[in-house]
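Commentary on secondary and tertiary structure
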Amino acid sequence: MRAGDRGRGRGDREMRIINISYDGANGVPVIREPASALKNNTGTWRVFRPTIDSDRCVRCGKCWVFCPEGAIHVSDADIWIDYDHCKGCGICVNGCRFITAQREV
Amino acid sequence: MRAGDRGRGRGDREMRIINISYDGANGVPVIREPASALKNNTGTWRVFRPTIDSDRCVRCGKCWVFCPEGAIHVSDADIWIDYDHCKGCGICVNGCRFITAQREV
Amino acid sequence: MKDSYLKKLTDIPMEDYLVGGHVACQGCSASLGLRLALKVLGKDTVVINGSGCMTLLPVYPTTPLRVPWIHLAIENTGAAGTALYYALRRKNIKANILGYAGDGATYDIGLQSLSGAAEKNIDMIYICYNNQSFGNTGHQRASSTPRASSTSTTPGGKVEVEKDMPAIMAAHRIPYVATACPSYPVDFLNKVKRAAEVKGMAYIDLLVPCPVGWGFDPSEGIDIGRLAVRTGIWKLYEIVDGRVNLTYIPKKRRGVSEYLRAQGRFSHLSEEDIGAIQEEVDEAWEGLEARGYEYEIMV
Amino acid sequence: MKDSYLKKLTDIPMEDYLVGGHVACQGCSASLGLRLALKVLGKDTVVINGSGCMTLLPVYPTTPLRVPWIHLAIENTGAAGTALYYALRRKNIKANILGYAGDGATYDIGLQSLSGAAEKNIDMIYICYNNQSFGNTGHQRASSTPRASSTSTTPGGKVEVEKDMPAIMAAHRIPYVATACPSYPVDFLNKVKRAAEVKGMAYIDLLVPCPVGWGFDPSEGIDIGRLAVRTGIWKLYEIVDGRVNLTYIPKKRRGVSEYLRAQGRFSHLSEEDIGAIQEEVDEAWEGLEARGYEYEIMV
Amino acid sequence: MNTRRMITGNGAAAWGARLARAEIIPNFPITPQTAIIEEIASWIASGEMDADFLPMESEHSVQSALAAASSAGTRVFSATSSQGLMLMTEMMFVTSGLRLPVIMVNVSRGLSAPITLWSDHNDVLVQRDSGWLQIFCSNNQEVLDSVVMGYKIAEDSEVLLPMMINLDGFTLSATREPVEIPSQDEIDDFLPAYNPTHTILDPKYPMSMGGAVFDEYMYFRSQQRMAMCNSKDVITDVCAEWEKMTGRGWACGLVEPYCLEDSERALLICGSESATLKYTVDKLRADGEKVGMLRLRTMRPFPCEGITDALSDVEKIGVIDQDISPGSGGIIATEVKACLGRSVTSFIAGLGGRRIGVEKYEKIFGRLGQDVEEWIF
Amino acid sequence: MNTRRMITGNGAAAWGARLARAEIIPNFPITPQTAIIEEIASWIASGEMDADFLPMESEHSVQSALAAASSAGTRVFSATSSQGLMLMTEMMFVTSGLRLPVIMVNVSRGLSAPITLWSDHNDVLVQRDSGWLQIFCSNNQEVLDSVVMGYKIAEDSEVLLPMMINLDGFTLSATREPVEIPSQDEIDDFLPAYNPTHTILDPKYPMSMGGAVFDEYMYFRSQQRMAMCNSKDVITDVCAEWEKMTGRGWACGLVEPYCLEDSERALLICGSESATLKYTVDKLRADGEKVGMLRLRTMRPFPCEGITDALSDVEKIGVIDQDISPGSGGIIATEVKACLGRSVTSFIAGLGGRRIGVEKYEKIFGRLGQDVEEWIF
Amino acid sequence: MVVTSRILGTATLYDGLYAQDFPLYGAARRGAPVMAFVRIDAGPILLRGYIAKPDILMLLDESIIEVKDVFSNLPADCTIIINTTRNTRDFKAAHPEIKYLRVFCVDGTGIALEYLKKPIPNVVIIGFLIGITHLITVDAFKKAVRDELKKYPPDLIDKNIAGALKACELVTGAGAGVTAR
Amino acid sequence: MVVTSRILGTATLYDGLYAQDFPLYGAARRGAPVMAFVRIDAGPILLRGYIAKPDILMLLDESIIEVKDVFSNLPADCTIIINTTRNTRDFKAAHPEIKYLRVFCVDGTGIALEYLKKPIPNVVIIGFLIGITHLITVDAFKKAVRDELKKYPPDLIDKNIAGALKACELVTGAGAGVTAR
Ligand SMILES: Cc1ncc(C[n+]2csc(CCOP(=O)(O)OP(=O)(O)O)c2C)c(N)n1
Ligand SMILES: Cc1ncc(C[n+]2csc(CCOP(=O)(O)OP(=O)(O)O)c2C)c(N)n1
Ligand code: SF4
Ligand code: SF4
Ligand code: SF4
Ligand code: SF4
Ligand code: SF4
Ligand code: SF4
Ligand SMILES: [Mg+2]
Ligand SMILES: [Mg+2]
């Protein structure tokens, strides 16, 4: 393929795609970056915001297991909610008396 | 539809189908005559020709039931083979000692 | 057994709704199966066919049928039956709806459509005429092909066991499932009668020995079918309300080699291969015997 | 039970291969189910998805997955799994192949393709996440929709009983069939582990309560799933070698009305309707009890 | 007693089927079509419509059911979109080959992969060889009207072909606008019951249908081709009758010219985008520019005469394709060029619902003249 | 070590796949294609070919398996025909949308209803919008050559599109003629192993594939469109390389002119009928008539330049379509007209395998001139 | 949101005008932000699709601002109605890009809670709209609400209408919670 | 029949010529009549499809005559070889339309029964053909038979070749059973 001809075909002037070049393997609709969805802030969906009383929490793991967003992170030391991805479904709140919900402001 | 225009479209001269007219409901690929296949002589397929010894036949019905072509016809009075449709498979011959096979000539 | 059921060959109705003059092979038991089924279903029957050998029964401009017949494609006998059931009801036409499709069109490419009709328990009779291969295209492997059988796409013999379609249909909880073989016409046709009586879907898996695909002389089809049953390789049974009931129990089972050796498609089998098949069959029948030939498969 | 099996919630692996930031609804247990399954399957897993709600997990240019994921269409998870099995083998890639498709894509439009893979006993894990309707298109009736449930195409309630997909899969004689629910994560994930261990196809029917389609608050999904199990409406079991084995037997079954009344889709039911459902459930469980909660369904 | 209501394109399609008294409705959900079958389901449940609702297990089965029920002489209806329509492809040819006057709505949506939920015309155009009549609607009223007229056209013995009525996903399907709903009495007068003689599935008249043929194949295809030609007149006549009854004639059938009398430049387009284009034409005309538009209403039969009549005096012609045949170009541009035997400028726009809008139409009008394919992003 | 053998078109297709070392062969039987997969099955069974043979339960699943296996980076092959191809339609767009260089042979056969087992081109042409390259073969040698070249073209990073190779049912598929079979070594030199970077399904490089997009949809379609354009050069280059190796260049790719230099009249055709047409041209030329032929080798990309170059000096042009788009006309004629911007005579012939033959071609040459569609029965 | 646009559209029809209303579906998932559009004209409407330059912009939930840049490129005569507990001054301070537009901050959710006991301001907000713009008549509005909510219990409909009328009154009475520029 | 045409085609190739051979599938059903065609030329063959005017017509089973009108419109220089137990005179008497053509009635089935013990004259008949026309060489014929029948047992192949050579000899030796005009 001669350079400059890409995306046109030799001697083929039938098509004009302004400002777009042929991008080869990069122009294929696949997503190459794993877990890139973390860039999206689905925390904005929240109407109610869960809060964990981490002092009283017994680290049973229930909230962490059942959170559909994987937004609850737990270690022996700490338990916290990733509010950029918690959608506020309330499952954790519903499942544990140490988690409470407040209306988002 | 104006007569004479059928199969053309008003003012539509783009198509020429010589010697064929639009046949309406008759131009549809359905077969309306039941059992019309009887017109076809599949007896020509035969290499071996079955013959029933109708005198010794006990009218058990076996040959008639098993003939795939429905080519054996039986009544109390008679039993006979429709040689226009018997393909000579030999099933009847195989199933009854009163039926014998000869090479077709 | 009801009075209207057949007891002997000569009880089978005389009238033919499938006549000769068509192009099925010499000695084809698939066409025989249809001829027989239509005898008991009678003239008020509409046949839906899925593409296969039987599709070439009517070839323009002639048809060997005396009843309405429709073919649409290979994979949609169930869907067409569903629609036809409602259409005929709207048109006030009382008729049996008979689906007659091959094993490829039933076990493989038409399974989904059949499953959809079964789920709705459509009042139709579905006979899968089973020649254990895609016959019309030259006998390729289908999921219905028995293990070890050679086909044009499994020259060395198929590896997988055949799909258990009657069990799959029974798992759909339709009111009637049966197996049959035209070599046992009274058994077969009584099953067709029961299938017609049942309200809802009835499925009959009809083994049709195929001289071309299986490799035997056209005169032997009926014998081969009998051997399939007498060796215990093809079981004749009904499944009603989840209960399996064998309708024929061979008194003394013939050796499977009698059946297998009679067919080209098994000619590559060694004595050990055959021995293994014999063992499987024996085991299955011992299990059945232990159950008194009747048992539940659905709960 | 092997040592590697989970005993309690905290045995569940920490690593997530499905992260947040995607567009599944608030409180979606279908996405929860996938998140959990991937925890035990781990990073060497390739996911094949059939069109449905989960298809929108990756939306260009971002994906919430850390494992390979492919979506082709709605009806071909089984076929894609079959091909992928052979392709990965040729590429010397050792990975679990996980089919993750909805009930519509499994019981209805993808049944045939799944059946084809089952017939070949392809070594894959197929999880049907079952929200009992075509969810992504707005909750239309599927063959998986339970009788009486209203959907957008059965506003008065569905007439037919749901297809018994686990029984159908068992009739395919695959080595492992199970039902599960994310509300019972230890049970579910042990089944996923067994499914991964089995050589050949494993099918898990995963009930995923769907707030939108079923009509309940997003916070209640886990409770609704528990109620489905505790009322005995959704049974947790495995089928191995044709033997059914209940993995959870509610000590005292809760009344079905507790489950039904909690959901909008059943709000049209009268007390009698509910009574009838209760009776059916009771009958089924009495049958199970009589069998000691373990019985054969395939012979 | 007509009523005027705010309804979506999907609602209008459902109303068309209801007024035409469609009897059997096989269906399968797919966005953005599903609301059509949902509406019908609710009417059947409430008793407002007398029909059998058949939820099938795939679109292949939907088209199979349409064909089977139609061949038994019932009036049938369904709707689909994109992937669903593709899955029907095999059966589309069967339905038309058996000359079954099925009416089906397609709500256009771009094809996967990659997945889009938004409208373009590649889905419906894939079916342009299938022997179905194809109508593109420009607004919701036209959807309703086209469905009802559709039965009268398709069932005409000079036609006996299925018809696909396309409405654009979201722009029409989910958009509400005022629609006149004719009364049932009016429609009953307009559209007689369906009582076919060419296909029957009744043991009283045993026919064999759908079998093989040998050398006659080409004959049957020629019949289909002629029926397509015939349909041009039938469409025109039925539209005229409809216009008499309702006041709406949709330019009597095949193409809708807009401000073409003295146009120097014109764009050809189809579907709902024609509205925005009309708006643009009005705007540019207000500025004194001699521009016009031709809307293609029927893609099949392709109205070559209508296009020629309308555009032969126009200097510069452009065609807007919301579709692409990779390796060839805009599908409609190709047919228009072939019809006119002259060069046109081919614009590819709106793929996967990509917004066009007035500004881009203005730009497009400015770029007419060359025989090129130009993509408007 | 080349060998020359009598093989059928189906055999040639199978040989192509074997020589190209296709690894995964999903399949489903359909006349007249089945012998292809049967041949491959027998080679795999005998160990002559190292591939996985996957008998699927439908053609939809065949195409799905092709896409899945190709996206995981294996080289795949299959063959189908008519109804089977139609059932793949949905997946055809998926395969090309994901830019998977699948090679599939279609053995053309007219579409049902009514059923025919004989060849025409309506099946393959339905897929002309699907983003697949399409090659029509004129003889069995070209079938084998095209399959092997196909992989090299499709897998080129400037292309990355699937290719469908069409051979005519019975006339080629079941007809034996002498075919040169290149040696495996030769082919291994010519065609490197397939090692894609654009799609991978390996936990080491986790990608998400086949999902939804929003506004980018049109961008991806433009990439596909450009890849199609690129393929013209790639086809030409690969053919040139092939010619160097084998001496057979198939006119280096897109069109094959025959006796066109001084032609006053010419017919454009595709597929195996071109042979009989060449015979007719020879015959008429022997009588002093200045006639010629142009064979369309690639339908996609559509070689407009090649056609223009070859035919611009010819007075009267006719196009022979073994297909019909009811309501429009001959599909190829339409594209040719659009390309040339001048009138051609459109002949519809050979539908459902209807014999054409020398006499009719002579007659057709005599009927060139008018801008009409004429059916040759 | 969709209900809001439908009521507006239907009411317009009752007022003898032409309307077009539609939601913008993306992934229409529970919890995800949604948008809907209404076009109103005295004659048939030709323009279609997404409205880039609205005359009136209503935000039922201000959190949308974080997800989508709704305030850029608005026409100079655009009227903005925002359901928020903040007042206009604060709001404009936080969003200088709309400083020179007609902005009304209204507490629709507050009224909804009061009348319906639920934080669903979809209908109530139309009351504000009517009060501010007189786009539709109150009669048409009432009829349209009854139409569009007909699958809901009558008392819920009544409460919604009452809430909306209250909102309308607040504006026309220049009551608390509404601040014009 | 198909085997006959394949052997002919392959043998032609071995003789250094070009060939084309194909069966005419209709419904290819067990028992149904079949036809096959061969074209032979010194150079590449352009003509395709059904041969309407053959130079040589061979009937392996005369019953085809009842099904299909094979004798009409044959070219004047057509050679016809018919496998039948009748003699040429009787045959021509029964079929006056071929009275003036070169007709050879041969008992291929008889020879096949003698050599193979089976009534399958497919290969044997080629022997007659070679004898009558010298279309292909005996060496090429033998090689082609071995190729095309390679899945059959070697002794069956040998018997077929022997039968064919016998047939060839019968003709060239102007033996019994073969009658030229
Ligand atoms: C979609 C599609 N794929 C393939 C075919 C080709 N085909 C026609 S008949 C047939 C065989 C069907 O097998 P089966 O149902 O067992 O019937 P049989 O031929 O054995 O009678 C096939 C594969 C087809 N008609 N349609
Ligand atoms: C051939 C085809 N038909 C229809 C659709 C539309 N469609 C997309 S998702 C979906 C629902 C699938 O339901 P299910 O498998 O239960 O998954 P869920 O949406 O409930 O997650 C449907 C019908 C499609 N994508 N392809
Ligand atoms: S569920 Fe409650 S106690 Fe358990 S880990 Fe979560 S916050 Fe802590
Ligand atoms: S509210 Fe829902 S999404 Fe947020 S942390 Fe709790 S469970 Fe997770
Ligand atoms: S089988 Fe024999 S005995 Fe019985 S009816 Fe036939 S000929 Fe007579
Ligand atoms: S030989 Fe066969 S076809 Fe003929 S009569 Fe006997 S059974 Fe029937
Ligand atoms: S191949 Fe077998 S099933 Fe098919 S027609 Fe012939 S004998 Fe019957
Ligand atoms: S509709 Fe149900 S299953 Fe689908 S994403 Fe929403 S919650 Fe999950
Ligand atoms: Mg079969
Ligand atoms: Mg679902």
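Quick caveat, the model's predicted, so the values are computed rather than measured.

1. Focus on the side chain of E:His60
Turning to its location among the elements, E:His60 is positioned in helix H3 (residues 59-71). On the basis of relative accessibility, which here comes to 4%, the residue E:His60 falls in the buried class. A polar side-chain atom of E:His60 sits 2.8 Å from a polar atom in the side chain of E:Glu90. Look past the residues within four positions of E:His60 in its chain and what remains in contact with it is C:Glu75, C:Asn76, E:Leu87, E:Glu90, E:Met91 and F:Leu87.

2. Structural notes on helix H6 (residues 138-148) of chain H
Among the residues of H6(H), H:Ala140, H:Phe141, H:Ala144, H:Val145 and H:Glu148 are the ones counted as buried. With its buried residues spanning 135 degrees around the axis, H6(H) presents them on a single face. Summarising the contacts, the buried residues of H6(H) are in contact with strand S8 (176-181) of chain F together with helix H1 (2-14), helix H5 (124-133) and helix H7 (154-172) of chain H.

3. What about the sheet that holds strand S4 (residues 77-80) of chain E?
Hydrogen bonds along the backbone pair up the strands of a sheet, which may run parallel or antiparallel. Residue and element names in this part refer to chain E. Overall, mixed pairing links the 5 strands, which are arranged S4-S5-S7-S6-S13 in an open sheet. At either margin of the open sheet sits one strand with a lone partner, and together these are S4 and strand S13 (298-300). Within this sheet the neighbouring strands show an average axis-to-axis angle of 20 degrees, counted without direction. In terms of strand pairing, S4 meets strand S5 (residues 103-108) through 4 bridges, oriented parallel. Bridge pairing links Phe77 to Ile103 in S5. Its contacts with the sheet put helix H1 (residues 9-19) on S4, S5 and strand S7 (163-168), and the angle it makes with S7 is roughly 155 degrees. This element, H3, spans S4 and S5 of the sheet and lies at about 160 degrees to S4.

4. Considerations on the pattern of salt bridges
This model, assessed by the stated rule, comprises 108 salt bridges over all chains. Residue C:Glu119 pairs with D:Arg141 through a salt bridge whose shortest N-O separation is 2.8 Å. A residue pair is termed interchain when its members come from two chains, as with C:Glu119 in helix H4 (residues 111-119) and D:Arg141 in the loop between strand S4 (125-130) and helix H5 (165-171). Classification of C:Glu119 as buried rests on a relative accessible area of 9%. A salt bridge links E:Arg297 to E:Glu142; its shortest N-O distance comes to 2.4 Å.

5. Description of the relation of the copies chain F and chain E
The operation relating chain F to chain E is a screw motion whose rotation component is 180 degrees, with 0.0 Å of axial translation and a residual RMSD of 0.0 Å. The superposition of one copy onto the other is thereby described by a two-fold rotation axis. Residue F:Ala338 of chain F places its C-alpha closer to the rotation axis than any other residue of that unit, at 2.0 Å. Interface overlap between copies: 100% of the residues of chain F at the interface are likewise at the interface in chain E, consistent with a symmetric, same-surface contact.

6. Overview of the site of ligand 4
Taken together, the residues surrounding ligand 4 are A:Pro50, A:Cys67, A:Pro68, A:Glu69, A:Ile72, A:Cys86, A:Lys87, A:Gly88, A:Cys89, A:Gly90, A:Ile91 and A:Cys92. For the shell around ligand 4, a count of residues per class yields 8 nonpolar, 2 polar and 2 charged.

7. A look at the side chain of F:Asn139
Among the secondary structure elements, F:Asn139 is positioned in the loop between strand S6 (133-136) and helix H7 (140-154). A polar atom in the side chain of F:Asn139 sits 2.9 Å from the backbone nitrogen of F:Glu142. Filtering out sequence-adjacent residues up to four positions away, F:Asn139 remains in contact with F:Leu172, F:Glu177, F:Trp250 and H:Arg48.

8. A word on the state of the cysteines
For the structure on display, the rule yields 2 disulfides over all chains. One disulfide in the model links E:Cys304 with E:Cys339; its S-S distance is 2.3 Å. Since a negative S-S torsion denotes a left-handed disulfide, the E:Cys304-E:Cys339 link at about 95 degrees is right-handed. On the criterion of sequence distance, the pair formed by E:Cys304 in helix H11 (residues 304-311) and E:Cys339 in helix H12 (residues 331-340) is long-range, its members being 35 residues apart. You can call E:Cys304 partly exposed: its relative accessible area is 21%. Using a relative accessible area of 16% as the deciding quantity, one classes E:Cys339 as buried. The thiol sulfur of H:Cys105 is not disulfide-bonded, and the nearest other cysteine sulfur, from H:Cys78, lies at 13 Å. Overall, H:Cys105 belongs to the buried group, its relative accessible area being 1%.

9. What about the packing of aromatic side chains?
Per the stated rule, a full pass over the model turns up 34 aromatic pairs over all chains. Between the aromatic rings of D:Phe134 and E:Phe28, the centroid separation amounts to 4.9 Å while the plane-to-plane angle is 75 degrees, which identifies the pairing as edge-to-face. With D:Phe134 in the loop between S4 and H5 and E:Phe28 in the loop between strand S2 (24-27) and helix H2 (34-46), this pair bridges two chains. Like E:Phe28, D:Phe134 is buried. Between E:Trp375 and E:Phe377, the aromatic rings sit 6.1 Å apart at their centres with planes inclined by 25 degrees, giving stacked as the arrangement. Counting every residue linked through ring pairs, the aromatic cluster contains C:Tyr60, E:Tyr219 and E:Phe220. The ring centre of C:Tyr295 lies 5.5 Å from the NZ or CZ of C:Arg291, which sits over that ring.

10. Here's the deal with the site of ligand 1
Every one of the 24 residues lining ligand 1 counts as a neighbour, but C:Gly104, C:Ala105, C:Tyr129, C:Asn136 and F:Glu59 are closest to it. Residues lining ligand 1 come from chains C, E and F. For ligand 1, an oxygen atom lies 2.8 Å from a polar atom in the side chain of C:Asp103. A distance of 2.7 Å separates an oxygen atom of ligand 1 from a polar atom in the backbone of C:Gly104. The protein chains hide 97% of the 580 Å² of surface that ligand 1 would expose on its own.

11. Focus on the sheet that holds strand S4 (residues 77-80) of chain F
All names here are of chain F. One open sheet holds the 5 strands; their spatial order is S4-S5-S7-S6-S13, and the pairing between them is mixed. The sheet is open, and its two edges are formed by S4 and strand S13 (298-300), each paired on a single side. With direction set aside, neighbouring strand axes in the sheet form an average angle of 20 degrees. This element, helix H3 (residues 59-71), spans S4 and strand S5 (103-108) of the sheet and lies at about 160 degrees to S4.

12. With respect to the coordination of the magnesium ion (ligand 10)
Only D:Asp103 (OD), D:Asn131 (OD1) and D:Ser133 (O) from the protein reach the magnesium ion (ligand 10) as donors, at distances of 2.0 to 2.1 Å. Of note, the magnesium ion (ligand 10) draws all its donor residues from one chain, in the sequence arrangement D-x27-N-x1-S.

13. Some details on the confidence of the model for chain A
Looking at chain A as a whole, the pLDDT averages 88, with 87% of positions reaching at least 70. Low confidence marks residues 1-13 of chain A, where pLDDT is under 50. Its contacts with residues over four positions away, or in another chain, come to 36 contacts.

14. Things to note about empty space enclosed by the protein
This model, assessed by the stated rule, comprises 16 cavities of 30 Å³ or more. There is about 480 Å³ of room inside the largest cavity. In terms of lining, the largest cavity is formed by 35 residues, of which the most central are C:Ser51, C:Gly52, C:Ile74, C:Asn136 and C:Thr137. Listing elements by their share of the lining of the largest cavity, those giving two or more residues are helix H3 (104-108) of chain C together with helix H4 (82-87) of chain F. No other element matches H4(F), which puts 3 residues into the lining of the largest cavity. Residues belonging to the lining of the largest cavity are distributed by class as follows: 15 nonpolar, 15 polar and 5 charged. Residue lining of the second largest cavity: 18 residues in total, with C:Gln112, D:Ile109, D:Gln112, E:Ser58 and E:Leu87 positioned closest to the centre. Where the lining of the second largest cavity is concerned, the elements lending two or more residues are H4 of chain C, helix H4 (111-119) of chain D, H3 of chain E together with H3 of chain F.

15. Side note on the interface of chain F and chain E
By a widely used convention, the size of an interface equals the accessible area lost when the partners come together. Contacts between the two partners involve 65 residues from chain F, matched on the other side by 65 residues from chain E. Taken together, the two surfaces of chain F and chain E that pack against each other cover about 5,600 Å², and 61% of this comes from carbon and sulfur. A per-residue breakdown of the area chain F buries against chain E is headed by F:Tyr217, F:Met218 and F:Arg225, which together make up 14% of the total. The tally of links from chain F across to chain E stands at 6 salt bridges. Note that F:Arg128 is salt-bridged to E:Asp129, the shortest N-O span being 2.5 Å. Between chain F and chain E we count 29 residue pairs in polar contact (both at pLDDT 80 or more) in total. Those elements that place two or more of their residues in the side of chain F that touches chain E are H4, helix H5 (89-97), helix H6 (122-126), helix H9 (217-246), helix H12 (331-340), strand S15 (345-349) and strand S16 (373-376) of chain F.

How each quantity is defined
- In this convention, every chain numbers its residues from 1, walking through the sequence in written order.
- All chains are assigned letters beginning with A, and all ligands numbers beginning with 1, in the order in which they are written.
- Under the rules for a predicted model, residues below a pLDDT of 70 receive no local features and side-chain atom pairs below 80 are neither given nor counted, while totals for whole chains, interfaces and linings still include all residues.
- Side-chain metrics in this entry use all non-hydrogen atoms of the structure; hydrogen atoms and water are not considered.
- Counting from the N terminus, the helices are the DSSP runs of H or I reaching at least four residues and the strands are the DSSP runs of E reaching at least two.
- Any residue under 20% of the maximum accessible area for its type is buried, any over 50% is exposed, and the rest in between are partly exposed; the area is computed with a 1.4 Å probe on protein chains only.
- Polar contacts, as counted here, are pairs of nitrogen or oxygen atoms within 3.5 Å of one another; within protein the pair requires one atom able to donate a hydrogen and one able to accept it, and residues that are adjacent in sequence qualify only if both atoms are side-chain atoms.
- Should any heavy atoms of two residues lie within 4.5 Å, those residues are counted as being in contact.
- The arc in question is traced by the directions running from the helix axis to the C-beta atoms.
- Think of it this way: DSSP has to see at least two bridges between two strands before they count as a pair.
- To define axes, lines are fitted to C-alpha atoms, for helices over the stretch in contact only, and angles between the resulting N-to-C directions are given on a 0 to 180 degree scale.
- Whenever a carboxyl oxygen of Asp or Glu lies within 4 Å of a side-chain nitrogen of Lys or Arg, that contact is scored as a salt bridge.
- Here the copies were fitted onto each other by least squares, based on C-alpha atoms from residues at pLDDT of at least 70 in both.
- Any residue with at least one heavy atom within 4 Å of a molecule or strand is counted as near it.
- Classification used: nonpolar for Ala, Val, Leu, Ile, Met, Phe, Trp, Tyr, Cys and Pro, charged for Asp, Glu, Lys and Arg, polar for all others including Gly.
- Any two cysteine sulfur atoms lying within 2.5 Å of each other are counted as a disulfide.
- Any two rings among Phe, Tyr and Trp, with Trp reduced to its six-membered ring, count as a pair given centres within 6.5 Å; such a pair is stacked if its planes are under 30 degrees apart, edge-to-face if over 60, and tilted if neither.
- Put simply, a charge is over a ring when the Lys NZ or the Arg CZ is close to the ring centre, within 6 Å, and near the line of the ring normal, within 35 degrees.
- Calculation of accessible area relied on Shrake-Rupley with a 1.4 Å probe; when residues are assessed, cover is drawn exclusively from the protein chains displayed.
- Atoms are scored as donors when they are N, O or S and lie within 2.8 Å of the metal, with 3.2 Å used for Na, K and Ca; no water is included, so coordination may look incomplete.
- The pLDDT value expresses, per residue, how confident the predictor is, ranging between 0 and 100.
- In the cavity and pocket records, a cavity denotes points on a 1 Å grid over the protein atoms alone where a 1.4 Å probe fits but cannot get out, a pocket denotes an open set with protein on both sides within 12 Å along at least 5 of 7 lines, and lining residues are residues with an atom within 4 Å of a point.
- Grid points are joined across faces, edges and corners, and a volume is the space filled by probe spheres set on the points.
- The term buried area means the drop in 1.4 Å probe accessible area that two parts suffer when joined, counted for both and summed.

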